Amino acid sequence: SDGGVSATRAAHIGGAAATSNTYAGRLLGIPVRGTMAHSWVMSFRSEREAFERYAELYPDACTLLIDTYNTLESGLPNAIEVGKRLMAQGRPFGVRLDSGDLQYLSQEVRRRLDEAGLYGARIAVSNELDERIVHELKRDGAPVDAWGVGTHLVTGGNQASFPGVYKLAARTSAAGRWVPVMKQTDNLAKASNPGIKQVYRYYSDNGEPLGDLMTLTEEHIPERGPIVFYHPTAPTQRYRMTDYARREPLLRPVMEKGRVVATRPTLEEIRSHALSAVASLHGTYKRMINPHIYKVSLSGKLRRLKLSMMSDGSEHLT
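Residues numbered from 1 in each chain as written. Predicted model: local features only at pLDDT ≥ 70, side-chain atom pairs only at ≥ 80, totals over all residues. Heavy atoms only, no water.

Draft legend 1. The arrangement of the overall build of the protein in detail. The number of helices and strands found in the protein is 10 helices and 14 strands. The globule rule puts the C-alpha radius of gyration for 318 residues at 20 Å, and the 27 Å found for the protein is more than 25% above it. Its C-alpha atoms give the protein principal-axis dimensions of roughly 80 × 40 × 35 Å. Counting the 318 residues in the protein, one finds 32% classified as buried. Restricting to contacts in the protein with at least 6 residues of sequence separation, those with at least 24 account for 56%. When the accessible area of the protein is evaluated, it comes to approximately 19600 Å², of which 51% is carbon and sulfur surface. With 41 positive and 34 negative side-chain charges, the protein shows a separation of 9 Å between the mean positions of the two kinds. (Helix = DSSP H or I, 4+ residues; strand = E, 2+ residues; numbered from the N terminus. Rg over C-alpha atoms; globule rule 2.2 N^0.38 Å. Buried < 20%, exposed > 50% of the residue type's maximum accessible area, 1.4 Å probe, protein only. Contact = heavy atoms within 4.5 Å. Areas by Shrake-Rupley, 256 points an atom, 1.4 Å probe, with all protein chains shown as cover. Lys, Arg positive; Asp, Glu negative; His and termini not counted. Charge placed at Lys NZ, Arg CZ, Asp CG, Glu CD.)

Draft legend 2. Representation of the pattern of salt bridges in the model. Per the stated rule, a full pass over the model turns up 17 salt bridges. Ionic pairing is found between Arg-45 and Glu-49, a salt bridge with its closest N-O pair at 3.4 Å. You can call Arg-45 exposed: its relative accessible area is 79%. Between Lys-84 and Glu-81 there is a salt bridge, and its shortest N-O distance comes to 3.9 Å. Of the two residues, Lys-84 and Glu-81 both sit in helix α5 (residues 71-88), 3 residues apart, roughly one turn of that helix. Among the residues examined, Lys-84 registers a relative accessible area of 37% and is labelled partly exposed. One salt-bridge network, in which partners are shared between bridges, spans Glu-108, Arg-111, Arg-112 and Glu-115. (Salt bridge = Lys/Arg side-chain N within 4 Å of Asp/Glu carboxyl O.)

Draft legend 3. Just the sheet that holds strand β2 (residues 93-97), in detail. Ordered in space as β1-β2-β3-β4, the 4 strands form an open sheet in which the pairing is parallel. Two strands close off the open sheet at either side, each with one partner strand: β1 (62-65) and β4 (146-147). The sheet contact formed by β1 and β2 spans 4 bridges and is parallel. Across the sheet, residue Leu-65 finds its bridge partner in β2, namely Arg-96. Taken strand by strand, helix α6 (residues 102-115) contacts β2 and β3 (122-125), and its axis lies near 155° from that of β2. (Pairing = 2+ DSSP bridges. Axes fitted to C-alpha atoms, helices over the stretch in contact; angles between N-to-C directions.)

Draft legend 4. Summary view of the packing of helix α4 (residues 47-57) against α5. Close contact between α4 and α5 brings their axes to 9 Å; oriented N to C, the two are set at 30°. Considering their axes alone, α4 and α5 lie roughly parallel with respect to each other. Note that α4 runs across α5; the crossing there is right-handed. The segment α4 lies against α5, with Glu-47, Arg-48, Phe-51, Glu-52 and Ala-55 engaging Ser-74, Gly-75, Asn-78, Ala-79, Glu-81, Val-82, Arg-85 and Leu-86. (Parallel < 35°, antiparallel > 145°, perpendicular 65-115°, else oblique. Left-handed = near helix turned anticlockwise from the far one by under 90°.)

Draft legend 5. Geometry of the pairing of strand β7 (residues 197-203). Among the 7 residues in β7, 5 count as buried, and that is most of the element. Strand direction decides the pairing type here: β7 and strand β8 (residues 209-216), joined by 7 bridges, are antiparallel. When the sheet's bridge partners are listed, Gln-198 is paired in β8 with Thr-215. From the end of β7 to the start of β8, which pair antiparallel, there are 5 residues, and Gly-207 there has a positive phi angle of about 90°. Judged from the 4 bridges that link them, β7 and strand β11 (residues 246-249) form a sheet pairing that is antiparallel. Counted as the bridge partner of Arg-201 is Glu-248 from β11.

Draft legend 6. Representation of the packing of aromatic side chains. Taken as a whole and judged by the stated rule, the model has 7 aromatic pairs. Taken together, a centroid distance of 5.5 Å and an interplanar angle of 70° make the contact between Tyr-202 and Phe-229 edge-to-face. Of the two residues, Tyr-202 is situated in strand β7 and Phe-229 in strand β9 (residues 227-230); the sequence distance between them amounts to 27 residues. Considering the side-chain rings of Phe-229 and Tyr-239, the 5.1 Å spacing of their centres and the 50° angle between planes classify their relative orientation as tilted. Taken together, the residues span a long stretch of sequence, with Phe-229 in strand β9 and Tyr-239 in strand β10 (residues 238-241) at a distance of 10 residues. According to the relative accessible area criterion, Tyr-239 is partly exposed, its value standing at 23%. Grouping aromatic residues by their ring pairs yields a cluster made of Trp-40, Phe-44, Tyr-54 and Tyr-58. The aromatic ring of Tyr-203 is capped on one face by Arg-246, whose charged end is 4.0 Å from the ring centroid. (Phe/Tyr/Trp six-rings, centres within 6.5 Å; stacked < 30°, edge-to-face > 60°. Lys NZ or Arg CZ within 6 Å of the ring centre and 35° of its normal.)

Below, the structure is given as structure tokens:
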């Protein structure tokens, strides 16, 4: 029942600046932004009247939707007249495009706004946007200031489900000791990693993450010197991590004996951490076409434990 709120929270953590979901904004403290609807424009006798009335109600947050009837011949000229009055008063002003060729229209709208002296007017676009459309519009120089993304942000498009599974990594013996367990399968990619683990992230001199190493908690990993990273699903593939400046353990206790022992971060702290972590990645990992694959690897001890359990089937879950 809280799908919209959860989606809004996740989108804000991931980088969305604001939401049009007013309930989520009130509940979670996320900035609320929005523009008029086509129904607003159509409920007045004329488009010009709809724009003027909206500007009266929201003089400091006025973004006019200009494609209800005819974007360039009707919507934009009417918006320019209203925008001139607002900007003459020192108030912000913008327009939104919700249909048509967004690249051509945004460029033509920008040209006409500038001709009218509205250099500070902002252009927002929407209409079934996804990361590929946004990428192409930015690549082609579309003069867009704000992106309204909804459906494809929260429904996953062609990947509507996240292929994650839950498996145990350890159980307690009759003597109260931890015993590693794993799921065994002929498909090595689906074989789980046994034991209680720690994950170390390695960084370069300039703070860029270089790779993550999964280890067993009792395993000693030197803080300096070369470290061998083993591919998680291809046992013969490995590489030596040598040129790193520091490492950081990623897993910290959250609950102990049924009690929360960690300080719960605020939503803004979570968002800030997520954005800074993504920003620290080298650009080759974030490009749309043929991105580099970030390495998440196994330590030597974890790899040996996994292979030994797979070979003798001593402890496993099916």
